[in-house]
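Chain by chain, the residues run as shown.
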Amino acid sequence: MTRTTKVDWQEVQKEYITDSTASYAHLAERHEVATRTLQERATREEWPKLRQDLADKAYERFTEKLIDDKSQAQSRHLTQYKNLQVLAGKALSSMNEGDIVVADLEKIARTLKLAIDGERVVLGMPTTVSALSDTQGGDVWVGLAGLIAGADKVLEEHGEST
């Protein structure tokens, strides 16, 4: 292949490094140079390593941005759930004992449960508890029946009955 113009090797290298689909053969044809010549230069100048380094950096930056975006969203959600808890608490506090409407109380309780569960999800905590263990890892209670038995035991220890 006889060339009439000089090869811009920086441009060829840039194309190879930035386009993960570009092959030596494709670039050789596009820039009118022998594939073997291009391959030898790419090997000598470590183009595949440069391409991989660029891909690694791009992935690292992408991951960092994703982590940052997720962190911002979690902070925003946590603030919203806490605000919802405050509003539900204020609504509950503003109810007068004699004027409590059960339907309103249920709505507030559902809202509070939703806000607490949402906060726990954002913090990576469970939203339900089906068992409780003591500090040594032994079961204090498991399931509803165990909870009731445990509550009865605490009441008996304090001289109260169920």
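Bear in mind that the values here come from a model prediction, so they are computed numbers and not experimental data.

Cut-offs and rules
- Residues numbered from 1 in each chain as written.
- Predicted model: local features only at pLDDT ≥ 70, side-chain atom pairs only at ≥ 80, totals over all residues.
- Heavy atoms only, no water.
- Axes fitted to C-alpha atoms, helices over the stretch in contact; angles between N-to-C directions.
- Helix = DSSP H or I, 4+ residues; strand = E, 2+ residues; numbered from the N terminus.
- Parallel < 35°, antiparallel > 145°, perpendicular 65-115°, else oblique.
- Left-handed = near helix turned anticlockwise from the far one by under 90°.
- Contact = heavy atoms within 4.5 Å.
- Nonpolar A, V, L, I, M, F, W, Y, C, P; charged D, E, K, R; others polar.
- Phe/Tyr/Trp six-rings, centres within 6.5 Å; stacked < 30°, edge-to-face > 60°.
- Buried < 20%, exposed > 50% of the residue type's maximum accessible area, 1.4 Å probe, protein only.
- Lys NZ or Arg CZ within 6 Å of the ring centre and 35° of its normal.
- Salt bridge = Lys/Arg side-chain N within 4 Å of Asp/Glu carboxyl O.

K.L.:
Got a minute to help me understand the packing of helix 1 (residues 9-18) against helix 4 (residues 47-93) in this structure?
P.N.:
To characterise two packed helices, one gives the angle between the axes of the helices and the distance between these axes. Contact geometry for helix 1 and helix 4: axes closest at 8 Å, N-to-C directions at 50 degrees. Classed by the angle they form, the pair helix 1 and helix 4 counts as oblique. For the pair helix 1 and helix 4, the crossing hand works out as right-handed. In this structure, helix 1 contributes W9, V12, Q13, Y16, I17 and T18 to the contact, and helix 4 contributes W47, P48, L50, R51 and L54. Residue classes in the contact of helix 1 with helix 4 are distributed as eight nonpolar, two polar and one charged.

K.L.:
In this structure, what is going on with the packing of aromatic side chains? I would like to understand it.
P.N.:
When we look at a pair of aromatic rings, we describe it by the centre distance and by the angle of the planes. On inspection of all chains with the given rule, the structure shows two aromatic pairs. Judged by centre distance (5.9 Å) and plane angle (35 degrees), the rings of Y16 and W47 are tilted. One end of the pair, Y16, is in helix 1; the other, W47, is in helix 4, and 31 residues separate them in sequence. Look at Y16 and you get buried, because its relative accessible area is 7%. One aromatic cluster is present, built from ring pairs that chain together Y16, Y24 and W47. The side chain of R51 reaches across the aromatic face of Y16, ending 3.6 Å from its centre.

K.L.:
How do you make sense of the pattern of salt bridges when you look at a structure like this?
P.N.:
Charged atoms that come close allow side chains of opposite charge to pair. Within the structure shown, the criterion is met by six salt bridges. The salt bridge involving E45 is made with R41; its shortest N-O contact spans 3.1 Å. E45 gets classed as partly exposed once you look at its relative accessible area, which sits at 31%. The salt bridge involving D53 is made with K49; its shortest N-O contact spans 2.9 Å. In this pair, D53 and K49 are both assigned in helix 4, four residues apart and thus about one turn of the helix distant. According to the relative accessible area criterion, D53 is partly exposed, its value standing at 31%. For K49, a relative accessible area of 46% translates into the label partly exposed.

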